[in-house]
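A look at the structure
The lines below spell out each chain.
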Amino acid sequence: MAAQSALILGVLLAAGFACAKLAQRLRLPSVTGYILAGALLGPSGLALFSPRILAEDLGHFSQLAIMLIAFGVGEHLEWAKLRSALMRVTLVGLGETSLAFACVASACFLAAELGGLGPATWQASDYLALAALLGAVSVATAPATTMHVLRELRAAGPLTNAVMTAIAVNNAVALAVFGLAMGAAGQLTGAAGGSLWAAVGVSLADSALSLGLGLCAGLAIAMTTRRLRRRGEMLTAGLALLLLCGVTALWLGLSPLLAGMAAGCLIVNRRQRDVRLFRAINDFEPPIYVLFFTMAGASLHLGALAAAGGVSLVYFTARALGKVSGAWLGASLAGAKAKVRRYLGLALLSQADVAIGLIFILRGDGQLADLAQVITPVVLGGVVLAEVLGPISARWAIGRAGEDEAALGPSAAAACPVVGPDAQNGYLLTPWTWERLTPPPRPRGQVLFVLDDARTAAVLARLAAIIAHGGQASPTAMRLLPPGDNGPQSQTLSMLTTAAEQIRSMGGAMASEIVESTDPAQAIAHQARTGPATAILLAQPPDNAAREFKRFLDELIELAPCPVIVARPCGALHTERILVPVADRNDLRVLAPLVRALSSVGHHRITLMTMLASNALDEELEDAEDELDQWARQEDLAPVVRGLAVAAENRAQAIVAEAQRHDLLVMTMDGGGWQGLFFGSLAQEVQSRCQRPMLLAHRGGAAPNAAASG
């Protein structure tokens, strides 16, 4: 049996590859060749193997392909991109998905019932269930085929961006709608008990549980692969967890497609946005896809395809009409450009992988076996038409829109050496050689820096003086002591003297406070309120005190009325070249006061760095840099601040690579609470890898607008 399965796999791969090459010579998509190869080898062709072998012995390859397809769809659901144009995305998505569903469902209902498609015992409710399922499948678009066309044409522009966003949205909608349609179909055909609304409620609950399972799987994948460096190890671990997620979903009666999509969506939306697993899977998936599509063709009965040929043509035509008219309507309501309104729908006609995955899920539901037998040839016939005409239509649309001449830029996320945390005990400080600071006649507050270690006193003093100078505040040293501490005061005196001398050498003046308290966080927060302080500056302790420091820091952040900045000294402190990575606009708002302060003194050169997806076009990178440069001009920082946008597979690696060309790294600390559990912390990831001095800014929990002060 094992030898027979291996032989069938070899024949499927060889036949699929050969027919795909033939299809390419005829300027047809490869997937068309795969389906035709399967039809040639299957029961309706040479009958080299039976449907039982395909379903029982090789069915696991279909499940693997389904998980990979759904996981890949999730990669395109990046919230940062969707949020920036949420209304436009919503209107366009609702337009092209709802009209495609409505056109296909109504047209196929009439065609199937009038044509007598299906068993003679079928009633109107059976045809209504058939129409609902076909309408749900019609929403999906082929991400692989369409993206291949865009890359082949080196496309760039508003239409190209709209196409990529629409692909992600309508495939996510297709997965959700198909789950609801299966529940409704069970009620309409009498395969499931209870009311229709109860079935819809159960379907919604199953969808929610599927998404929850996928989020947990995505978190497990992210936590497992984040420390892996070899692509082979990452692929092995990632596939293992994906397959476990899929098997668990099947065992619980949930949707593997929704679970896989949620896993991919969580990984791409984590602060680190490490997409190396997606790239590793891209290298692995071609033979799986060949088997998937070839097996789909092998399960196709030509007799059923002939009987469904008319309905397949109706399905394809109605879907094309719905996509084109719905995209035009949604884009018009969203105020999109004329070329987006005209050509978006024509670029979304391809359909293959997700649609076939939905058919496999339907065939796995024994209660809907009769529907699956009718729907399979209809959809596969429509897929053949869509894969022949869809890419041609997409090429024509991109060409007519004038977006086929732009060149894709190389990814800037080249692999960079990974270094461990700081292992040095000494914190060196270069002499102050810039202009002397002038204390403000009327300080606007304090920059409170807490002295706890003699080695970091001078470093904190210099940083506090720079930040205070930028905000017209006064640097204030604070030393905490236990109540009734009558021991030697030499250490406290030494730290205060070191800090005062450092600030004096820069031209500034320092105030100081010695406070006795059993609750350091409460004492610091109280001093910050009475100051008042515009920022609190701390030094990160050695690794052996990290856990205790984190508890103290979490409490202080909740109590603090202003931003809390943690300095991580590492070797010699230089501040000439400063790197400020910003993952989104919120990061920029939090870090803006710090950037302004650092730019107000000396000869600092500050790089604002943003990371885009690894497949970002040159035009997108230029737009992102222009946005950062525009912010710098609005803040009168253009001579000092420049924008940098990079396409990154792994955000942390990209930052570490760029940090090698800078002296100081400034980031906002993210990822607290449950958000940190699911979405991770980019700053912590970078901190563990980068051997550079760092400033990590936290927003004070007691003052929502504190980040905007100073």
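Shown above is the structure to which this text applies.
Residues numbered from 1 in each chain as written. Predicted model: local features only at pLDDT ≥ 70, side-chain atom pairs only at ≥ 80, totals over all residues. Heavy atoms only, no water.

As for the overall build of the chain
In terms of regular secondary structure, the chain is built from 26 helices and 12 strands. Sorting the 710 residues of the chain into buried and exposed places 54% on the buried side. In the chain, the share of contacts with a sequence separation of at least 24, taken over all contacts with a separation of at least 6, comes to 84%. Just so you have it, the chain exposes about 29300 Å², and 60% of that area is on carbon and sulfur atoms. (Helix = DSSP H or I, 4+ residues; strand = E, 2+ residues; numbered from the N terminus. Buried < 20%, exposed > 50% of the residue type's maximum accessible area, 1.4 Å probe, protein only. Contact = heavy atoms within 4.5 Å. Areas by Shrake-Rupley, 256 points an atom, 1.4 Å probe, with all protein chains shown as cover.)

Comments concerning the packing of helix α18 (residues 457-470) against helix α19 (residues 490-505)
Where α18 meets α19, the axes come as close as 8 Å, and the angle between the chain directions of the two elements is 40°. As the angle between them shows, α18 and α19 are arranged oblique. Crossing geometry of α18 relative to α19 is assigned as right-handed. Counting all contacts with α18, which are made through A457, A458, A461, R462 and A465, the residues of α19 involved are M495, T498, A499, Q502 and I503. When grouped by side-chain class, the residues that make up the contact of α18 with α19 number 7 nonpolar, 2 polar and 1 charged. (Axes fitted to C-alpha atoms, helices over the stretch in contact; angles between N-to-C directions. Parallel < 35°, antiparallel > 145°, perpendicular 65-115°, else oblique. Left-handed = near helix turned anticlockwise from the far one by under 90°. Nonpolar A, V, L, I, M, F, W, Y, C, P; charged D, E, K, R; others polar.)

A closer look at the packing of aromatic side chains
Applying the stated criterion to the full structure yields 5 aromatic pairs. Relative to W396, the ring of Y343 has its centre 5.8 Å away and its plane inclined at 80°; by these criteria the two rings are edge-to-face. Placement of the pair is Y343 in helix α15 (residues 338-343) and W396 in helix α17 (residues 369-400), with a sequence separation of 53 residues. Given a relative accessible area of 10%, Y343 falls into the buried group. (Phe/Tyr/Trp six-rings, centres within 6.5 Å; stacked < 30°, edge-to-face > 60°.)

Quick notes on the pairing of strand β9 (residues 605-612)
In terms of burial, β9 is a largely internal element, 7 of the 8 residues being buried. Sheet topology note: the strand β8 (residues 577-581)/β9 ladder contains 5 bridges and is parallel. Note that in β9 the partner of P581 across the bridge is M609. In this fold, the crossover linking β8 to β9 by way of helix α22 (residues 585-598) has right-handed handedness. Pairing geometry for β9 and strand β10 (residues 641-647), over 7 bridges, is parallel. (Pairing = 2+ DSSP bridges. Right-handed = clockwise from strand over helix to strand, strands pointing away.)

Comments concerning the sheet that holds strand β5 (residues 533-539)
Strand pairing in a sheet is mediated by backbone hydrogen bonds. Such pairs are either parallel or antiparallel. Pairing is mixed across the open sheet formed by 10 strands, whose spatial order is β4-β3-β2-β5-β6-β12-β11-β8-β9-β10. The open sheet terminates on both sides in strands that have one partner only, identified here as β4 (511-516) and β10. The mean angle between the axes of side-by-side strands here comes to 25°, regardless of whether they run parallel or antiparallel. Relative to β5, strand β2 (residues 446-451) runs parallel, the two sharing 4 bridges. Residue pairing for β5: L448 is matched across the bridge by I536. In this fold α19 packs onto β2, β3 (474-481) and β4, with an angle of close to 170° to the strand it touches most, β3. Strand contacts of α22: β6 (564-568), β8, β9, β10, β11 (664-668) and β12 (694-698), with the helix running at about 145° to β11, the strand carrying the most contacts.

Some thoughts on the side chain of N269
Inspection of the secondary structure puts N269 in helix α12 (residues 256-269). One polar contact links the side chain of N269 to the main-chain carbonyl oxygen of C265, over a distance of 2.7 Å. (Polar contact = N/O pair within 3.5 Å; in protein donor to acceptor, adjacent residues only side chain to side chain.)

Things to note about the packing of helix α20 (residues 520-530) against helix α21 (residues 546-559)
Interaxial distance between α20 and α21 falls to 9 Å at its minimum, and their mutual angle equals 30°. Relative to α21, the element α20 lies roughly parallel. Here the hand of the crossing between α20 and α21 comes out right-handed. Contacts between α20 and α21 pair P520, A521, Q522, I524, A525 and R529 from the former with F552, E555, L556 and L559 from the latter.

Remarks on the nonpolar core
Counting 87 residues, the largest nonpolar core has L130, L133, L134, I356, L371 and I375 as its most contacted members. Broken down by element, this core gets its largest block of residues, 10 residues, from helix α13 (residues 276-298). Setting aside chain neighbours within four positions, we find L130 in contact with A112, W122, L371, V374 and I375. Residues V447, M506, L588 and L591 belong to the second largest nonpolar core, which totals 52 residues. (Core = buried A, V, L, I, M, F, W, Y, C linked by side-chain atoms within 4.5 Å.)

Some points on the pattern of salt bridges
Counting across every chain of the model gives 7 salt bridges. In this structure, D453 engages R455 in a salt bridge whose closest nitrogen and oxygen atoms are separated by 2.9 Å. Given the relative accessible area of 22%, D453 is considered partly exposed. A relative accessible area of 34% means that R455 is categorised as partly exposed. We note a salt bridge from K550 to D554, for which the minimum N-O separation is 3.0 Å. With a gap of 4 residues between them, K550 and D554 both fall in helix α21, about one helical turn apart. (Salt bridge = Lys/Arg side-chain N within 4 Å of Asp/Glu carboxyl O.)

Some remarks on the side chain of E658
Tracing the backbone through its elements, the reader meets E658 in helix α24 (residues 651-659). The buried category is assigned to E658, whose relative accessible area is 8%. One polar contact links E658 to R661, side chain to side chain, over a distance of 2.5 Å. Ignoring any residue separated from it by four or fewer positions in sequence, one finds E658 in contact with L579, M609, R642 and L644.

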